[in-house]
Amino acid sequence: MIRPSNRLFLLLPLLLLLAPMPVAAQSPELVQAKARVVELNKQLDRLDDTIARELEAALVGQVDTRPKDEFETTAEYQARLAAAKEAREQLAPEYERKKADRRRAIQEKIEALTSK
């Protein structure tokens, strides 16, 4: 049988394990760096959508992407769609390069922040 005085010695290590550990204060620079890394990761997550929107905006400026007009023949509409498709195919590699460059730049910033 465990005596009352021995119970305390059995519970003491358990209580020490369960006691909250003191948290050291983080420097403002570290907090800012963590926030910047979070923001950069969000930018990485949104990069595909951002580049797609930029490509669409560039296409709208170059070709007519409206739906078929009532006064437009089917042949004219098909020609307009073909021109839009060709313009997209010509612009796509440029925007893929932009995406790769931005991804690399963001990853380099994250690496610089996390390697400190």
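Here, every reference points to the structure presented above.
These remarks concern the structure in this document. (Residues numbered from 1 in each chain as written. Predicted model: local features only at pLDDT ≥ 70, side-chain atom pairs only at ≥ 80, totals over all residues. Heavy atoms only, no water.)

1. Considerations on the packing of aromatic side chains
We apply this condition: Two aromatic rings from Phe, Tyr or Trp, using only the six-membered ring of Trp, form a pair when their centres are within 6.5 Å; if the ring planes differ by under 30 degrees the pair is stacked, by over 60 it is edge-to-face, and anything between is tilted. Sitting over a ring, as applied to charges here, requires NZ of Lys or CZ of Arg to be within 6 Å of the ring centre and within 35 degrees of the ring normal.
If you walk through the whole model with that rule in mind, you get zero aromatic pairs. Seen from the ring of Tyr 95, Lys 98 lies directly overhead, with NZ or CZ sitting 4.4 Å from the centre.

2. Regarding the pattern of salt bridges
Selection criterion: Criterion for a salt bridge: a side-chain nitrogen of Lys or Arg within 4 Å of a carboxyl oxygen of Asp or Glu. What counts as a helix is a DSSP run of H or I of at least four residues, what counts as a strand is a run of E of at least two, and both are numbered from the N terminus. A 1.4 Å probe rolled over the protein chains alone gives each residue an accessible area, and that area as a share of the maximum for its type sets the label: buried under 20%, exposed over 50%, partly exposed in between.
Inspection of the entire model under this criterion finds twelve salt bridges. One salt bridge in this structure joins Asp 48 and Arg 103, with 3.4 Å as the shortest N-O distance. Of this pair, Asp 48 sits in helix α2 (residues 28–62) while Arg 103 sits in helix α3 (residues 74–114), and the two are 55 residues apart along the sequence. Classification of Arg 103 as partly exposed rests on a relative accessible area of 27%. One network of salt bridges, with partners in common, ties together Asp 64, Arg 66, Asp 69, Glu 72 and Arg 80.

3. Some remarks on α2
Defined as follows: Expected helix span is taken as 1.5 Å per residue step, with the number of steps being one fewer than the number of residues. Two axes enter the definition of the bend at a residue: one is fitted to the seven residues ending there, the other to the seven starting there, and the bend is the angle between them. Any two residues whose heavy atoms approach within 4.5 Å are treated as being in contact.
A rise of 1.5 Å per residue sets the reference length of α2, with its 35 residues, at 51 Å; its end C-alpha atoms lie 47 Å apart and thus fit the reference within 8%. Along α2, the largest kink reaches about 50° and is centred on Arg 46. Next to the buried residues of α2 lie α3.

4. Considerations on the environment of Ala 92
Checked against the element boundaries, Ala 92 lands in helix α3. Between the alpha carbons of Ala 92 and Ile 51 there is a distance of 9.8 Å; along the sequence they are 41 residues apart.

5. A few points about the packing of α2 against α3
Short version of the rule: Orientation is described by lines fitted to C-alpha atoms, with helices fitted over the stretch in contact, and by angles between N-to-C directions that extend from 0 to 180 degrees. Oblique is the label for any angle not under 35 degrees, not over 145, and not in the 65 to 115 range, which are roughly parallel, roughly antiparallel and roughly perpendicular in turn. Note on residue categories: nonpolar means Ala, Val, Leu, Ile, Met, Phe, Trp, Tyr, Cys or Pro, charged means Asp, Glu, Lys or Arg, and polar means any other residue, Gly included.
Their axes nearest at 9 Å, the elements α2 and α3 cross at an angle of 170°. Viewed along their axes, α2 and α3 adopt a mutual orientation that is roughly antiparallel. Considered class by class, the residues forming the contact of α2 with α3 number 17 nonpolar, six polar and ten charged.

6. Focus: the side chain of Lys 99
Secondary-structure assignment places Lys 99 in helix α3. Among the residues examined, Lys 99 registers a relative accessible area of 16% and is labelled buried. Setting aside chain neighbours within four positions, we find Lys 99 in contact with Leu 47, Asp 48 and Ile 51.

That is the geometry; function is a separate question.
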